[in-house]
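Architecture and fold: a report
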Amino acid sequence: MAECHPVGFQWVMEAKARGATIIHVDPRFTRTSAMADLHVPLRAGSDIVFLGAIVNHVLSQDKYFRDYVVAYTNAASIVSDDYRDPEDLDGLFSGFDAENRQYDFHTWQYEGREVQAAAAQRDMEYEDRAVRTAGRGEAHGSGGARSGTARTDPTLQHPRCVFQILKRHFQRYTPEMVEQSCGVPPELFARVCDELTRNSGRDRTSAFCYAVGWTQHTVGVQYIRTAAILQALLGNIGRPGGGILALRGHASIQGSTDIPTLFNLLPGYIPMPYAHPDQDLAAFLAAEGTEKGYWANIGAYTTSLLRSWWGDAATADNDYCFDYLPRLTGSHSTYDTVQRQLAGECVGYFLLGENPAVGSGNAKMQRLGMANLDWLVVRDLTMIESATWWQNGPEIETGEMTTADLKTEVFFLPAAAHTEKNGSFTNTQRMLQWHHEAVKPPGEARSDLWFMYHLGRRIRAKLAGSTDDRDRPILDLTWSYPTEGAIEEPSAEAVLAEINGSDADGNPLSSYEQLKDDGSTRCGCWIYCGVRADGVNQAARRKPGREQSWVAPEWGWAWPANRRILYNRAAADPDGRPWSERKALVWWDADEQKWTGHDVPDFPPTKAPDYRPDDDARGPQALSGTDPFIMQDDGKAWLFVPAGLTDGPLPTHYEPQDSPFDNPLYGQQRNPAREVLPLRHPANRMQPSGSEPGAGVFPYVATTYRLTEHHTAGGMSRSLPYLAELQPEFFCEVSPELAAERGLEQLGWATIVSARGVIEARVLVTDRLTPLTVAGRTMHQIGLPYHWGPTGYSTGDAANELTSMSLDPNTHIQESKALACDIRAGRRPRGPARLALLHEYQRRAGITAETGTEI
Amino acid sequence: MGVRTWIEGWPVYRQALGADRTGRGAAAKSRTSETLTPRTETADEVVKSICPYCAVGCGQDVYVRNGAVTQIEGDPDSPVSRGRLCPKGSASLQLTTGSSRVQQVLYRRPHSDHWEHLDLDTAMDMIADRVIAARRDHWQDEQGGARTRRTMGFASLGGATLDNEENYLIKKLFTALGAVQIENQARV
């Protein structure tokens, strides 16, 4: 955090100055470790063992916050009799379909009631839910009743209640297992357990911060799930100083998830519809919505979005143009797109401020995909590798590509900087902050707002008059924004107004509670509704922090409804009183009969703690006054996830795709549901692992990371002289022990090899990396900052030449934080010899198209 | 210039006889540096902004003079950052005004080994034509008996560095065109 979010880290230091204990768990010693009370180096890829063993400690030593756990989590819920745990099936959950490499999760549901997920993969039960609800047939599979009441055991003793299942699931995640698998000594591990549990409960809270060190794994979602289980058991969610905080790496990466440029989502986390026969809006809403909680209002959110996009063309008679939305069939993630490019099915590509030729998993595959396009549009501030691979990419050097043979037409359109346009960024704490235009963009540089608006305008003009049914969605689209100045820059404020939404008379809405499913409201992103309440740009508010309370509610605007801490009803006990005065945030005011406090309550404002719903209640009214998790179908924090995850209801340790070690816990080596792309491309070979023959060819573990002085794939930093001078070239970090083992010299060169690629880096010999003892033997790790490519002032090979396209099945994110590799002294070969070395490694390891792709 | 003034102009003289014995303050100042004022003092206006790098969202004050950005500083009012910027945020003047920025549309023809200039209007028109063609040539009305109403002909990647309003238009336009392969760095 001190490296990649240094200004955010000042608050960690403030906390430390007030007595907080800072624990840093990371394979590398960094600036964060230097300021922490405790640094815990561990083997990259072993975090579920580490966190799972803390869960086991909390459960077996009775360190959990019992009142919180019983009232606010699903610990008491009883799970289907058909559920089988990896403890029973040697690493698999019940319901695994080996042929399709996916789970049928019906056996993970509660007994007595089938719930829907509030996030993640919600289409998994479409047939059951849509078909049954629409009354068009019988339910399929073994799912329970959609409505009804799940059986619970508040004593937490029932052998099939979540609490007992959790205990059994993690029983072999012990300090000894941590030592053997993570390389963390028992004394150090005990100290972590002690510090964390001592600092959690009624009077104290602990926070977990993480970044892509947790997400970029084939089991990334389950890493974060393990932390979620811990924080729910310790009562650290919805309370000040608690939470699981994602430290995101781009100015508006949160915003681009909320208003998603992501294939599987519509604005506000409404799922993109999958293709199903005879699917209408009602069937979609029945399948994707919940019965209880706010997702039961998905109809209001979706209808308001459709009205926002298709305006008066969207009517009740035509299902509000629901049919205009294109449909998904499986994954269409960026990694799937690369495969379609290689297959010649996707011929055009827009890159809008992103540099996949350096920043995406398996950079070579990205370039091969682009080399098979008809046309490519790159919009960026400076010349990036994704625009120049045809000129100076690694494949030109090796002779794999010849410029004259490359057919791709490339357009480079210069982009406007943040100082040259109005607009809002959503930061990592869900807060929107407006930045104002200071000057006009130079030359032909334009904002992406300008580009999209005018591109849309031109396409609509060219298609005007078309009678083709497929052109209706684009011609009926509401696409008229006021423009300003000589360059006709569209008004960002007008777009924000559309996102905020309006009532039937065009007045701005102030809350998503006002949204209706009858077509009378419009709203481009329901969770952002209120950002322009009263017609005022709330994101542009700048009341100085020193003139406000510690919550600073009048700086910017946080979704939803300017709440700064989500699910903050949990900051009070079931009766509505703060768990402790020290940790008071939001509480029930019995005199006023409403929720109040320092933050905006994340709860219906007048729902009393003693409110109990009728049996036939639906939506938010169906949750009781003690259910803080208002987006959930049962109002509870899910320790066990009965729906929504593709790879299991509980986190389970699997080894990374390419690992020097066998899985010490189960016969199942890797995440059985991980995505290994169907295309067995020679540039995306996997490696043998553990005790498989040939695994010894790749004995070390590499992990990629970022530096303070550079930004992601370098497009915004390698072209800046200041930053290039601070970190002038690519390097690798190795321990003195590994340097001795491989003859690596400080400031000399090393060549690093995986089954995908061969790269070279300057050597930094440092005790910031420590050899660990794992499975009884010494193991070395290699640190690889991933910012470089051949353009800019600071150049070098891209670490992503080594990574593979093996993905987390929930998020479709690549595993770049733990991969087995080899390292040798000296520079890499030039020209075709570089490929020859790669092939020699593949031969020595016995790698074929099938290696590492087994379940 | 008298001899006395000349001698007093020596930093070492001022260091030896003045209050600044370590020679790191007033003693080291030249006549030129004494008359310098910070760029922030001569700005025509200060525009409120947010750092474009990571997602902490530090406040920035953008100093403008004669229609050009002259300096970018941390915003002391921000409850997020309290005036601080990291090395990247501090370098954002160079990001926004540096010579590395491309200011013209560039075009590489198929099989060509060089860039050429294309005016923006022509480029926009060519891109619009290509979108329409790719969309049409790779259109899919249904798959496996289910309506898909989409095109797989073109894809888009990027958005995490852009504004919410920009992401909104990307998603809205491309979805209305029937594209589903719309992605950004959040996936990576």
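Residues numbered from 1 in each chain as written. Chains lettered and ligands numbered in written order. Predicted model: local features only at pLDDT ≥ 70, side-chain atom pairs only at ≥ 80, totals over all residues. Heavy atoms only, no water.

**Points about the overall build of chain A**
- Helix and strand counts for chain A come out as 25 helices and 28 strands.
- Radius of gyration (C-alpha) of chain A: 27 Å, near the 29 Å computed for a compact globule of 855 residues.
- For the C-alpha atoms alone, the extent of chain A along its principal axes is close to 75 × 70 × 60 Å.
- Burial analysis of chain A (855 residues in total) assigns 65% to the buried set.
- For chain A, the computed accessible surface area is about 27900 Å², with 49% contributed by carbon and sulfur atoms. (Helix = DSSP H or I, 4+ residues; strand = E, 2+ residues; numbered from the N terminus. Rg over C-alpha atoms; globule rule 2.2 N^0.38 Å. Buried < 20%, exposed > 50% of the residue type's maximum accessible area, 1.4 Å probe, protein only. Areas by Shrake-Rupley, 256 points an atom, 1.4 Å probe, with all protein chains shown as cover.)

**Focus on the sheet that holds strand β8 (residues 154-157) of chain B**
- Read from one edge of the open sheet, seven strands run β5(B)-β4(B)-β11(A)-β10(A)-β9(A)-β8(B)-β9(B), paired in mixed fashion. Taken across any chain shown, the strands that pair with only one partner, and hence form the sheet edges, are β5 (116-117) and β9 (182-183) of chain B.
- Both strand β4 (residues 106-108) of chain B and β5 of chain B contribute to a ladder of two bridges, which runs antiparallel. Looking at the pairing, Leu-106 of chain B lines up with His-117 of chain B of β5 of chain B.
- Strand contacts of helix α6 (residues 120-137) of chain B: β9 (348-352), β10 (375-380) and β11 (409-414) of chain A together with β4 and β8 of chain B, with the helix running at about 130 degrees to β11 of chain A, the strand carrying the most contacts. (Pairing = 2+ DSSP bridges. Contact = heavy atoms within 4.5 Å. Axes fitted to C-alpha atoms, helices over the stretch in contact; angles between N-to-C directions.)

**Observations regarding the interface of chain B and chain A**
- Counting from both sides, the interface comprises 120 residues of chain B and, opposite them, 165 residues of chain A.
- When the two sides are added together, the surface that chain B and chain A hide from each other amounts to roughly 12500 Å², 61% of it contributed by carbon and sulfur.
- By the criterion of area lost to chain A, the three top residues of chain B are Leu-157, Tyr-168 and Arg-187 of chain B, representing 7% of everything that side buries.
- Summed over the shared surface of chain B and chain A, the result is 15 salt bridges.
- A salt bridge links Arg-82 of chain B to Glu-14 of chain A; the nearest nitrogen and oxygen atoms lie 2.9 Å apart.
- In this structure, the connection of chain B to chain A is made through 91 residue pairs in polar contact (both at pLDDT 80 or more).
- No other element matches α6 of chain B, which puts 15 residues into the side of chain B that touches chain A.
- Each residue belonging to the side of chain B that touches chain A can be placed in one class, and the counts come to 58 nonpolar, 33 polar and 29 charged.
- With four bridges connecting them, β9 of chain A and β8 of chain B associate as parallel partners. Among the inter-strand pairings, Phe-350 of chain A is bridged to a residue of β8 of chain B, identified as Ser-156 of chain B. (Buried area = accessible area lost by both parts, 1.4 Å probe. Salt bridge = Lys/Arg side-chain N within 4 Å of Asp/Glu carboxyl O. Polar contact = N/O pair within 3.5 Å; in protein donor to acceptor, adjacent residues only side chain to side chain. Nonpolar A, V, L, I, M, F, W, Y, C, P; charged D, E, K, R; others polar.)

**Some remarks on the sheet that holds strand β2 (residues 59-65) of chain B**
Residues and elements named next belong to chain B.
- Pairing within the open sheet is antiparallel, and its three strands lie in the order β1-β2-β3. In this open sheet, the two edge strands, each paired with only one partner strand, are β1 (45-50) and β3 (68-74). Taken over all neighbouring pairs, the strand axes of this sheet differ in orientation by 30 degrees on average, direction set aside.
- Where β1 meets β2, six bridges bridge the pair, whose relative direction is antiparallel. When the sheet's bridge partners are listed, Val-46 is paired in β2 with Tyr-63.

**Observations concerning the domain arrangement of chain B**
- If you check the domain split of chain B, you get domain 1 (3-35), domain 2 (39-97) and domain 3 (106-187).
- Relative placement of domain 1 of chain B and domain 2 of chain B: their C-alpha centres are 33 Å apart. (Domains from an automatic or database assignment.)

**Re unusual backbone geometry**
All names here are of chain A.
- Look at the link from Trp-559 to Pro-560: it is a cis peptide, with omega at -10 degrees.
- Of note in the backbone geometry, Arg-101 takes a positive phi value of approximately 55 degrees without being a glycine.
- Among the secondary structure elements, Arg-101 is positioned in the loop between β3 (96-97) and β4 (102-103).
- With a phi close to 55 degrees, Asn-362 is a non-glycine residue in the positive phi region.
- Within the secondary structure, Asn-362 sits in the loop between α16 (356-359) and α17 (363-371).

**Observations concerning the pattern of salt bridges**
- In this structure the tally under the stated criterion is 67 salt bridges over all chains.
- One salt bridge in this structure joins Lys-364 of chain A and Glu-395 of chain A, with 3.1 Å as the shortest N-O distance. Here Glu-395 of chain A lies in helix α19 (residues 394-398) and Lys-364 of chain A lies in helix α17, a separation of 31 residues in the sequence. Both residues of the pair, Lys-364 of chain A and Glu-395 of chain A, belong to the buried class.
- Between Lys-462 of chain A and Asp-125 of chain B there is a salt bridge, with the nearest N and O atoms lying 3.2 Å from each other. Of this pair, Lys-462 of chain A sits in helix α20 (residues 448-463) while Asp-125 of chain B sits in helix α6, on two different chains.
- In the salt-bridge network here, residues are joined through shared partners; they are Lys-364, Arg-367, Glu-395, Glu-400 and Glu-801 of chain A.

**Focus on the packing of aromatic side chains**
- Under the criterion given, the structure shown has 44 aromatic pairs over all chains.
- Where Phe-730 of chain A meets Trp-788 of chain A, the ring centres are 5.8 Å apart and the plane angle is 40 degrees; that geometry is what we call tilted. Taken together, the residues Phe-730 of chain A in the loop between α23 (721-726) and β21 (731-734) and Trp-788 of chain A in the loop between β26 (781-785) and β27 (806-807) connect sequence positions 58 residues apart. Each member of the pair Phe-730 of chain A and Trp-788 of chain A is classed as buried.
- Seen from their ring centres, Phe-154 of chain B and Phe-174 of chain B are 5.3 Å apart, and the 75 degrees between their planes marks the pair as edge-to-face. Here Phe-154 of chain B, found in strand β8, pairs with Phe-174 of chain B, found in helix α7 (residues 164-176); they are 20 residues apart in sequence, far enough to count as distant. We note that Phe-154 of chain B, like Phe-174 of chain B, is buried.
- Taken together, the ring pairs connect Tyr-83, Phe-93, Phe-96, Tyr-103, Phe-105, Trp-108 and Phe-640 of chain A into an aromatic cluster.
- Above the plane of the ring of Trp-749 of chain A lies Arg-827 of chain A, whose end atom (NZ or CZ) is 3.8 Å from the centre. (Phe/Tyr/Trp six-rings, centres within 6.5 Å; stacked < 30°, edge-to-face > 60°. Lys NZ or Arg CZ within 6 Å of the ring centre and 35° of its normal.)

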